[in-house]
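Summary of structural features
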Amino acid sequence: MRKIIFFLFVLIVIFPKTYALEGSTKGFPKKAPEIKNLITDEGETFSLENLKDKVIILTYGYTHCPHVCPTILGFLKQVEEQLNLKGYKGKYKIVFISVDPKYDTVERLKKYKKQNEYEDFIFLTGKKDDLEKVWKKYKVFVRDRGMMEMKHGNMIMKHRMVDHTAKVTIIDKNGYIREEFLGMYLPVESIVKDVESLIKE
Ligand SMILES: [Cu+2]
């Protein structure tokens, strides 16, 4: 018995607690699939390689989204503010991949980014074929439902509706997906803690 207790004690002392990520880690780490031929809001070709050594916080959506995407982006803005307060500006990048090649032109993305003060985020769009490949590789469901009427009190307004998966994918400095946060109500504190731990790795 004494021997066992001593052995456990040695284990606890020798092996420090490893940090456990707080998102969904099932199936990860996994090499982040290539993102090819997508264009940034600056009109430049995007490459994951250019972000090497940064932690990438990736999300998916469209600029006409009435509710889900503004919510996600609002949470990511809070993540950005907290990480910057901790001195991590430049150590991570928030990237938004469009699910709406029909309307999300480079011009539109640029305007949306400026209007909503997401100046340090990268917004990506591209040809439908190229975007579809990325959605598939990153397991993002997309369904274009066209214009739909929605009631706002007594008024009926038309909205552009594209159903899409709401999630955030976290890629480490070596280009591996480590975890995902599912849904639109993002746990800001958890994302900040996890990104911080991945920056420090
Ligand atoms: Cu959306």
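Refer to the preceding data block for the structure.
A brief structural summary. Not measured: the values here are computed from a predicted model.

**What about the packing of helix α2 (residues 68–85) against helix α5 (residues 188–200)?**
Pairs of packed helices are described in terms of their axes, by the angle between the two and the distance that separates them. Packing of α2 against α5 brings their axes to within 9 Å, and their N-to-C directions diverge by 45°. Of the possible angle classes, the one that applies to α2 and α5 is oblique. As for the relative orientation of α2 and α5, their crossing is right-handed in sense. Residues Phe 75, Gln 78, Val 79, Gln 82 and Leu 83 of α2 form the contact with α5, whose participating residues are Val 188, Ile 191, Val 192 and Val 195. Taken together, the residues that form the contact of α2 with α5 break down as 7 nonpolar, 2 polar and no charged.

**Topic: the nonpolar core**
Ranked by internal contacts, the top residues of the largest apolar core, which has 42 residues, are Val 55, Ile 57, Val 95, Leu 124 and Val 195. Residue assignment for this core shows that the elements contributing at least two residues are β3 (55–61), α2, β4 (92–98), β5 (122–125), α4 (128–137), β8 (167–171), β9 (176–182) and α5. Counting residues per element, this core draws most heavily on α2, at 6 residues. Apart from the residues lying within four places of it in its own chain, the contact partners of Val 95 are Ile 56, Leu 58, Ile 122 and Leu 124.

The rules behind these values
- Residues numbered from 1 in each chain as written.
- Predicted model: local features only at pLDDT ≥ 70, side-chain atom pairs only at ≥ 80, totals over all residues.
- Axes fitted to C-alpha atoms, helices over the stretch in contact; angles between N-to-C directions.
- Helix = DSSP H or I, 4+ residues; strand = E, 2+ residues; numbered from the N terminus.
- Parallel < 35°, antiparallel > 145°, perpendicular 65-115°, else oblique.
- Left-handed = near helix turned anticlockwise from the far one by under 90°.
- Contact = placed C-beta atoms within 7 Å.
- Nonpolar A, V, L, I, M, F, W, Y, C, P; charged D, E, K, R; others polar.
- Core = buried A, V, L, I, M, F, W, Y, C linked by C-beta atoms within 7 Å.
- Buried ≥ 20, exposed ≤ 12 C-beta atoms within 10 Å, placed from the backbone.

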